[in-house]
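One letter stands for each residue in the lines below.
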Amino acid sequence: TFLRAVLEDPDFGSGVVTTSFIDERPHLLTGRIPADRGTKLARFLADVTVNQPNGPAPTSLEPSAKLPGTLPAGEIPDGSRQRLLALGPAGFARALREQQAVGVTDTTFRDAHQSLLATRVRTRDLVAVAPWQARLLPGMFSVECWGGATYDVALRFLGEDPWERLAKLRAAMPNQNLQMLLRGRNTVGYTPYPTEVTRAFVSEAAEVGVDIFRIFDALNDVEQMRPAIDAVVHDTESVAEVALCYTANLLDPDERTYTLDHYLRLAERIVGAGAHILAIKDMAGLLRPAAAAKLVAALRERFELPVHLHTHDTTGGQLATLMAAIDAGVDAVDVANSAMSSTTSQPPMSALLMALEGTDRAPDIDPEAVLDLEPYWEAVRRVYKPFESGLPAPTGRVYSHEIPGGQLSNLRQQAIALGLGDKFEAIEAMYAAADKILGRPTKVTPSSKVVGDLALHLVAVGADPAEFAAEPRRFDIPDSVIGFLNGELGEPAGGWPEPFRTRALEGRRKPPRVTEVAPEDLSLLEIPGNERQRTLNRLLFPGPTREFQQKRDDFGDVSVLPTVPYLYGMEPGHEYPVTLEKGVTLLLGLEAIGAPDKWARRNVMTLLNGQLRPVRVRDNS
Ligand code: 3PY
Ligand code: ZN
């Protein structure tokens, strides 16, 4: 009756209603909730409900409905983190090298969703399953859960502070080694930052919860990684796992650049820089079984460090690669929970464990526990469906275009946005052509973006790659490509493509971007904690950090909202429980949506703990 009264009110219907509508009619409400966190969240949900930024909901099921029963009682068992704390990073690495069982890293919390779901999985859906992960899978070598694109995406799209995610995961998984992906001097960004920023970033990350730093440089330039390696080794008790980025095919007799010798020379520099663990980072999934066996055996023969293998299953062939590497002695491998595995993500965890069961390299991980977590991750996958990369099956075409897993999904989305969705083969072919024009650099963030930018540009302007390569002066060239040719990311292993580079830069040579840190920021970077985290957010991602702050001011901490209404809005008749803090839970709901006024604003009748709270939102349709 209340609702009917409101909807039939001539003012409400006329579309000139303001948010004071209810305030001026106190008789309509039985009680008041102050303009508070609840109202801000209701306003956020009302906006999503009206504007549907992600389309209609593919499911009404929150992933938490699929958690595997009640949490096992008792203390959290000791895990690999306790081993690291007891042995220190060097001793921990030695123990990994000496143990028979293969170490297993679970990438579900980072790379898997970065490569399948555009990195969109929210903190709450990672933290919800973390207590099970800690209790059911104490035998994991590590859980990769931070860094890469997650930092940027949290600020840019999720209204979340990445540091809060790390702190929550740390608290929920005290027995797991939390692993992050660090892009050398680019940290979690796309351009190099001054050493002070890298050092502060590493210290803060270790302080908040990172146990293992996987460090790479897009062009395998060890000097670009050195500040990060030094920071981990000298300023923290964490592990410096340093990656060589794998590209091409080392068994190809015609390969002149990316040969076994090349990788061994690179590994020598990585070991010399002080790494605790050597990683092979096969970001596009190009490492074939025989090549993996050869590379792993050679690295282990030459160096004392343990070797950790990371790959993407874009071709569908990478479980074979993991098995070949394991036979050749690899010390640890990366997999993802099966429901979040395969294609552009990592190979499936349950398949690996079943393949190893009964062998002398089987890890101390209960395969049943892994299976028990699959329905949860399947539910996560379902709820984030609009962000699916859209790669329906493995593709062998990656052997020719070499697009990394994470980028392949992104490029498909970019192609659709540019109206080139039906021409993806053309983009793949242009990517391969752009790669050759740029001198076949290793392609991983951010060098992969350079190649992708050039490919999209050439497709968009309908350029012939041979003409572009011969006469680049006649064409516009994306800034990232000019930056790359100017050496902003370092030098590719095969050297610069000449005369293309000289011709392309003629008249366009720009001084390399120098980012300097202001003295007041330098002092903020010295002190661990909140202020340093805020400073890092701002220095790494100024724009997204401002947007994040604005969102926090407008809507409060949206990370507390359940994912279904967060992404798709509220359904009338549903109540959405929102825990604001321990012991403080609010029920949010939707009663009705009013007609738009002449400024396209709608009054939305939300419910807060059963009481009506009208909020006004703009209808952008
Ligand atoms: C990243 O840099 O985010 C990657 O995952 C590279 O493979
Ligand atoms: Zn990866």
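Structure: above.
Quick caveat, the model's predicted, so the values are computed rather than measured.

Caption draft 1: Here's a closer look at the overall build of the protein. Counting its regular elements, the protein contains 28 helices and twelve strands. In summary, the protein has a C-alpha radius of gyration of 26 Å against a globular reference of 25 Å for 621 residues, a match within 12%. Here the C-alpha coordinates of the protein stretch approximately 80 × 65 × 50 Å along the principal axes. Scored against the burial criterion, the 621 residues of the protein give a buried share of 58%. Of the contacts made within the protein by residues no fewer than 6 positions apart, 74% connect residues no fewer than 24 positions apart. Charge centroids of the protein, computed over 65 positive and 81 negative side chains, lie 3 Å from each other.

Caption draft 2: Expanded view of the sheet that holds strand β10 (residues 584–593). Pairing is antiparallel in the open sheet, where four strands are placed in the order β9-β10-β11-β12. At either margin of the open sheet sits one strand with a lone partner, and together these are β9 (575–581) and β12 (611–618). Sheet twist, expressed as the mean angle between neighbouring strand axes with direction ignored, is 35°. Where β10 and strand β11 (residues 601–608) come together, five bridges link them in antiparallel fashion.

Caption draft 3: Region of interest: the pattern of salt bridges. For the structure on display, the rule yields 30 salt bridges. The partner of E581 in a salt bridge is R37, and the shortest N-O contact between them spans 2.8 Å. With E581 in strand β9 and R37 in helix α4 (residues 37–51), the pair connects residues that are 544 residues apart, well separated along the chain. With relative accessibility at 39%, the residue E581 sits in the partly exposed group. Residue classification places R37 among the partly exposed positions, given a relative accessible area of 42%. Here E204 makes a salt bridge to R532, at a shortest N to O gap of 2.6 Å. Linking E204 in helix α11 (residues 195–208) with R532 in helix α26 (residues 530–540), this pair joins segments that are 328 residues apart in sequence. We note that E204, like R532, is buried.

Caption draft 4: Molecular detail of the packing of aromatic side chains. One pass over the structure, following the stated rule, counts 17 aromatic pairs. For the pair Y151 and W163, a centre-to-centre distance of 5.9 Å together with 85° between the ring planes defines the contact as edge-to-face. Taken together, the residues Y151 in helix α9 (residues 150–158) and W163 in helix α10 (residues 162–172) connect sequence positions twelve residues apart. The pair formed by Y151 and W163 is uniform in burial state, with each residue classed as buried.

Caption draft 5: Looking closely at the environment of F500. Take F500: it is sitting in helix α24 (residues 500–505). You can call F500 buried: its relative accessible area is 5%. Spatially, the C-alpha atoms of F500 and Y258 are 21 Å apart, while their sequence positions differ by 242 residues. Apart from residues lying up to four places away in sequence, F500 is in contact with I437, L438, F468, A469, P472 and L485.

Caption draft 6: A look at the coordination of the zinc ion (ligand 2). In the first shell of the zinc ion (ligand 2), the protein supplies D111 (OD), H310 (NE2) and H312 (NE2), at 2.0 to 2.1 Å from the metal. Between consecutive donor residues of the zinc ion (ligand 2), the sequence gaps follow D-x198-H-x1-H. Placement of D111 in helix α6 (residues 108–116) and of H310 in strand β7 (residues 307–311) is noted, with a sequence separation of 199 residues between them. The class of H310 is buried, set by a relative accessible area of 1%.

Caption draft 7: Quick look at helix α16 (residues 349–356). Every buried residue belonging to α16 is among M349, S350, L352, L353 and L356, and all of these are buried. Looking straight down α16, one finds its buried side chains confined to an arc of 160°; they lie on one side. Where α16 ends, the next residue or the one after it, G358, has phi of about 85°, a positive value.

Caption draft 8: Broad picture of the sheet that holds strand β4 (residues 212–215). Strand order in the closed barrel made by the eight strands is β1-β2-β3-β4-β5-β6-β7-β8, with parallel pairing throughout. Sheet twist, expressed as the mean angle between neighbouring strand axes with direction ignored, is 30°. Both strand β3 (residues 178–182) and β4 contribute to a ladder of four bridges, which runs parallel. Within the sheet, the bridge partner assigned to M180 lies in β4 and is F213. α6 contacts β1 (103–106), β2 (142–147), β3 and β7 of the sheet and is inclined by roughly 60° relative to β2. Set on the sheet, helix α12 (residues 222–235) makes contact with β3, β4 and β5 (239–245); between it and β5 the angle comes to about 155°.

Thresholds, definitions, all that
Residues numbered from 1 in each chain as written. Chains lettered and ligands numbered in written order. Predicted model: local features only at pLDDT ≥ 70, side-chain atom pairs only at ≥ 80, totals over all residues. Heavy atoms only, no water. Helix = DSSP H or I, 4+ residues; strand = E, 2+ residues; numbered from the N terminus. Rg over C-alpha atoms; globule rule 2.2 N^0.38 Å. Buried < 20%, exposed > 50% of the residue type's maximum accessible area, 1.4 Å probe, protein only. Contact = heavy atoms within 4.5 Å. Lys, Arg positive; Asp, Glu negative; His and termini not counted. Charge placed at Lys NZ, Arg CZ, Asp CG, Glu CD. Pairing = 2+ DSSP bridges. Axes fitted to C-alpha atoms, helices over the stretch in contact; angles between N-to-C directions. Salt bridge = Lys/Arg side-chain N within 4 Å of Asp/Glu carboxyl O. Phe/Tyr/Trp six-rings, centres within 6.5 Å; stacked < 30°, edge-to-face > 60°. Donors = N, O, S within 2.8 Å, 3.2 Å for Na, K, Ca; no water. Arc of directions from axis to C-beta.

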